[in-house]
Each structure stands twice: as structure tokens, then as C-alpha cells.
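Take a look at the letters that make up each chain.
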Amino acid sequence: MTRAMGAAMRRIHVGNALSAFGLGFTVPYLYVYVAQVRGLGAMTAALVLAVFAVAALIVLPFAGRAIVRRGPLPVLLAALVTAALGALSLGLAGNATAVLLSAAALGAGQAVMQPALATMIVDCSTAETRSRAFAMQFFLQNLGLGVGGLIGGHLVDTTRVSSFTLLFAIEAAMFLLLVVVMATVRMPHSPRIADAPSASGKGSWKQLLGNRAMVQLCVLGFVLFFACYGQFESGLAAYGVEAAGISTSALGTALAANTMMIVVAQFAVLKFVERRRRSRVIAGVGLIWAVAWLAAGYAGLGHGSQEMATAAFVSTYALFGLGEAMLSPTVAPLVADLAPEGMAGQYNSAFALVKQLALAVGPAVGGPLGASLHGPYVVAFLLFSLGITVLALRLGRRLTVAQDQPWAAARTSRVVARGGAPAESVTA
């Protein structure tokens, strides 16, 4: 990595931390703010959460093409300004129309930030450093969300609208501060993996859909996000309360255990996964999450003591966190390495779109199922986790050595460059 790439990467990581910190300030309190503090009712609050998802689904198909044509930095700056205006107006909105329009602006800006920042990471990293860069991004995002949520919780007062206005103003200020930080980034362009598929029809969705490995990764990504992230605050939480008798404080402990596992284990896990085949790492995550669902099954269906049920439920969230820590240096770099030259923005946006779809469908399916059909809920998502393993192993058959084992391909390239014989295939 060159000095210019390293300097740009540091600013990008600062940007990730700031954006996550700003979101952590407000996301946990949106429902309370709209339904109770503004007195607009539960229906409007639910619509606000739905608007976030709909706005993301609308803008992401266009975001990829904009990133390819204009570059990730201008798109990121436009998204940050849009999100800042949305956050500030949401804090000042007093009626349902203003709240929904503000939420749409905030949701659209927030959605576009993800593929833009991911593409900047791709452009500022090499095949050897990309996994560590995405691991750092995920670490800082979780740390920022956690710290932001903790501080925001001490600032809000449901009896004072002004406390929430302050909260959204701080979020807007974080986005504008990030505009200042990112506007000074000088973006280098890193070399691409030699055997990535060649581009035909730059920016074309048809070309992307013709990449069978990318299509398989998108299917796998949908199941990943549907079976894990889509259940955290909906189906799994409802199951814990209804089937396992988990208290709200214990649910908070479980969510904290998830974040703590990610923060503590991220770089220890990185040393393990960065020398393994990416497809097999993802397959291993499916097995870990299957164990997590078994723990959830024991919590709600095992008829043990309440203490044991709570411990098992907290363990479920911790195991999910371990799987997330394994995925962060694996999936995002794989999306980048499947993209042809100049198409990283399109591929990142497509994968972000798949993620948003899963996060929209996951709660809608898992919420009612987890609250009422406890046994079928656990069995269904246990099978989804095992399905992750199967899909990952099938994906591995379509990946080249450079895509599945970039460290091995890089070592071979160095040997050949020095005039030696190519290294033998490495398996893990």
C-alpha cells in the first residue's frame, strides 16, 4: 500500500466511525420520538421505519451507476449532505408529512453512504490489505454505533422535545463534519486482481447479472442478512420475550454481548480467517449460527431455569457476533474482487440492495413467526443457517484462486515476479 493510499484509508476509517456515531445517536430512539414525543402514534412511527427501507431500495439501483460514472467521493458527499438535511429536519418536524419526508431523505443518504465508502476502501487497498481494511470498517461501525447509542441515551428526555431536537442536530453535525473530512481525501486507484472477469457494458446491470458467481453471492448474502440481521430486533427479540421469558434488561444485555463480541474478537478472528478460503469461512459462519439457533431453541423450549434460559439467549447473540466478525473481512472484499475494473461501485450497490431487501423481509417474516410459532421459528432459521453453509461451499466452486484465496494468489505473483516457479495451490 502506498503512502497516499494509507492516508486516504485513515480518513475513510474516520468517516466510518463518525457516520456510525451519528446514526447511533438517533436510530434506537426513532420509534419513541415519533410515536410518543411528537405524539404522532404507533402507525406513523412504523411508517417512518418502513420509509427508511423503501428510500434505500429506491436510490441504491441508481447509486451504483453514479459511483461508476462520477466516482465514490462526489456521491458520498452528496449522500452526506442529504442525510444531514434529513436528520436536521426530522428533529424539527412536527407533523406526519414532515416526519416522513425527513425520514426519506435521511434513509436515502444513509443507504448511499455504504456502497460509496465500500468502494473508496476498494480503491485505497490491495488484495492483500483489503480484508483487514473491511474488518477495521466493521469494528469502527459497531464501536461508533455503541458509543453513539450510549451517549444519546443519556441526552434524551421523553418529556422534552428539545432534547431530541438536540440529538438530531448532533447527528446532522456529524454528517457535515464528515463532509469536511472526506472533501480533503485524495483518492488513489489501486490495481485490480488479474483474473477478475473483464467488463462489457460498463455500469450495466445486465453485465452484473451475467456474472454467475456474483449472482450466487447475492443469493447467499440475502440468506445471511435475512437469517441474522433481519431477526435481531424483530423475530429473535419477540421469540426471546414470548417463548423464553426474557426481560427487557436481559434483551439489552444480549444486544450488548453481540457488540462486545464483535469489538473484542474482530482482530483475533481476522488472523484466523485471512489465510483461509473465503467460501469456507462463510460456510463456517453458517455452522456457528446453527449452534446459535440451537442455543435459542434451548432458551425458549428447553424448560430449564430462567437463569439458564437467559444465559442461552445471551449466548445466541454472542455467537451471532462471532459470525459477523468472521464475515466482515470476507464478504465485502469478495464483492470487490468479483467486480471487473471500474465496476466496484455497481457491485457494492447491488449487494447493498440485496442487504436492504433482506432487512425489509426478515422482520416481516420473523416477527410474527417468532412471537407465536416458537418451535417452527427456531427450526426454520436453523435450516437457513445450514443453508448458508451449503450455498457458501457451492459458491466456492465458481471462485478463482485470486477471489477465494487472494493471499495465495498474491504470494504466487511475488514468486513469479522474482523469477521463481509458481507456488503450489494452497488449501485450508
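Above this text you will find the structure in question.
Conventions we followed
- Residues numbered from 1 in each chain as written.
- Predicted model: local features only at pLDDT ≥ 70, side-chain atom pairs only at ≥ 80, totals over all residues.
- Heavy atoms only, no water.
- Helix = DSSP H or I, 4+ residues; strand = E, 2+ residues; numbered from the N terminus.
- Buried < 20%, exposed > 50% of the residue type's maximum accessible area, 1.4 Å probe, protein only.
- Contact = heavy atoms within 4.5 Å.
- Areas by Shrake-Rupley, 256 points an atom, 1.4 Å probe, with all protein chains shown as cover.
- Core = buried A, V, L, I, M, F, W, Y, C linked by side-chain atoms within 4.5 Å.
- Axes fitted to C-alpha atoms, helices over the stretch in contact; angles between N-to-C directions.
- Left-handed = near helix turned anticlockwise from the far one by under 90°.
- Nonpolar A, V, L, I, M, F, W, Y, C, P; charged D, E, K, R; others polar.
- Parallel < 35°, antiparallel > 145°, perpendicular 65-115°, else oblique.
- Expected span 1.5 Å × (residues − 1).
- Patch = residues over 30% accessible without salt bridge, like charges linked within 9 Å, V, L, I, M, F, W, Y side chains within 5 Å.
- Salt bridge = Lys/Arg side-chain N within 4 Å of Asp/Glu carboxyl O.
- Lys, Arg positive; Asp, Glu negative; His and termini not counted.
- Charge placed at Lys NZ, Arg CZ, Asp CG, Glu CD.
- Phe/Tyr/Trp six-rings, centres within 6.5 Å; stacked < 30°, edge-to-face > 60°.

### Digging into the overall build of the protein
Logical step 1: Helix and strand counts for the protein come out as 18 helices and zero strands.
Logical step 2: Residue burial in the protein is summarised as follows: out of 428 residues, 54% are buried.
Logical step 3: Sequence-distant contacts in the protein: of pairs separated by 6 or more residues, those separated by 24 or more amount to 84%.
Logical step 4: A total of about 17700 Å² of accessible surface is found on the protein, and carbon and sulfur atoms cover 67% of it.

### Section: the nonpolar core
Logical step 1: Counting residues in hydrophobic clusters, the biggest one holds 67 residues, and the most contacted among them are Met214, Leu217, Leu236, Trp289 and Phe313.
Logical step 2: For this core, the secondary-structure elements that each account for two or more residues are helix H9 (212–227), helix H10 (235–242), helix H11 (248–273), helix H12 (278–301), helix H13 (306–327), helix H14 (331–338), helix H15 (344–372) and helix H16 (374–396).
Logical step 3: When residues in this core are grouped by element, the largest group, eleven residues, is from H12.
Logical step 4: Not counting residues up to four positions away in its chain, the partners in contact with Trp289 are Leu224, Cys228, Leu319, Phe320, Gly323, Glu324, Leu327, Ser385 and Ile388.
Logical step 5: Core analysis: the second largest hydrophobic core is formed by 56 residues, Tyr29, Val112, Val122 and Leu178 among them.

### Some remarks on the environment of Ala325
Logical step 1: Within the secondary structure layout, Ala325 lies in helix H13.
Logical step 2: For the pair formed by Ala325 and Thr259, sequence separation is 66 residues and the distance between their alpha carbons is 10.0 Å.
Logical step 3: Those residues in contact with Ala325, other than ones at most four positions away along the chain, are Phe138, Gln266 and Val269.

### Focus: the packing of H9 against H15
Logical step 1: Where H9 meets H15, the axes come as close as 8 Å, and the angle between the chain directions of the two elements is 35°. The chirality of how H9 crosses H15 is right-handed. Between H9 and H15, the contacting residues are Met214, Leu217, Cys218, Gly221, Phe222, Phe225 and Phe226 on the first element and Tyr347, Phe351, Val354, Lys355, Leu357, Ala358, Leu359, Val361, Gly362 and Val365 on the second.
Logical step 2: A per-class count over the contact of H9 with H15 returns 14 nonpolar, two polar and one charged.

### What to know about the packing of H10 against H16
What describes two packed helices is the angle between their axes and the distance between those same axes.
Logical step 1: The contact between H10 and H16 brings their axes to 11 Å, and the two run at 140°. Taken together, H10 and H16 sit at an angle that is classed as oblique. In the packing of H10 onto H16, the handedness of the crossing is left-handed. Residue-level contacts link Gly235, Leu236, Tyr239 and Glu242 of H10 to His374, Tyr377 and Val378 of H16.
Logical step 2: A breakdown of the residues in the contact of H10 with H16 according to their chemical character gives four nonpolar, two polar and one charged.

### Things to note about the environment of Gln141
Logical step 1: Looking at the element boundaries, Gln141 is found in helix H6 (residues 130–155).
Logical step 2: A residue is classified by how much of its surface remains accessible, and Gln141, at 25% relative accessible area, is partly exposed.
Logical step 3: When the C-alpha atoms of Gln141 and Val14 are compared, they prove to be 10.0 Å apart, with 127 residues separating the residues in sequence.
Logical step 4: Setting aside chain neighbours within four positions, we find Gln141 in contact with Asn16 and Ala20.

### Side note on H12
Logical step 1: Here H12 contains 24 residues, and its C-alpha end-to-end distance of 34 Å stays within 8% of the 34 Å for a straight helix at 1.5 Å per residue.
Logical step 2: Buried residues dominate H12, accounting for 17 of its 24 residues.
Logical step 3: One or two residues past the end of H12 sits His303, with phi positive at roughly 60°.

### Some thoughts on the environment of Thr119
Logical step 1: You can see Thr119 is positioned in helix H5 (residues 96–123).
Logical step 2: C-alpha separation for the pair Thr119 and Gly345, spaced 226 residues apart in sequence, amounts to 5.5 Å.
Logical step 3: Beyond its immediate sequence surroundings of up to four residues, Thr119 is in contact with Ile67, Pro72, Ala344, Gly345 and Asn348.

### As for a positive patch on the surface
Logical step 1: Judged by side-chain charge, Arg212, Arg394, Arg397 and Arg398 come together as a positively charged surface patch.
Logical step 2: Among the secondary structure elements, Arg398 is positioned in the loop between H16 and helix H17 (401–404).

### Observations regarding the packing of aromatic side chains
Ring pairs (aromatic) are described by centroid distance and by the angle formed between their planes.
Logical step 1: Tallied over the entire structure, the rule returns 16 aromatic pairs.
Logical step 2: With a centroid separation of 5.4 Å and an interplanar angle of 45°, the aromatic rings of Phe381 and Phe384 are classed as tilted. Residue Phe381 and its partner Phe384 are located together in helix H16, separated by three residues, close to a single helical turn.
Logical step 3: In this structure Phe381 comes out as buried when scored by relative accessible area, which is 1%.

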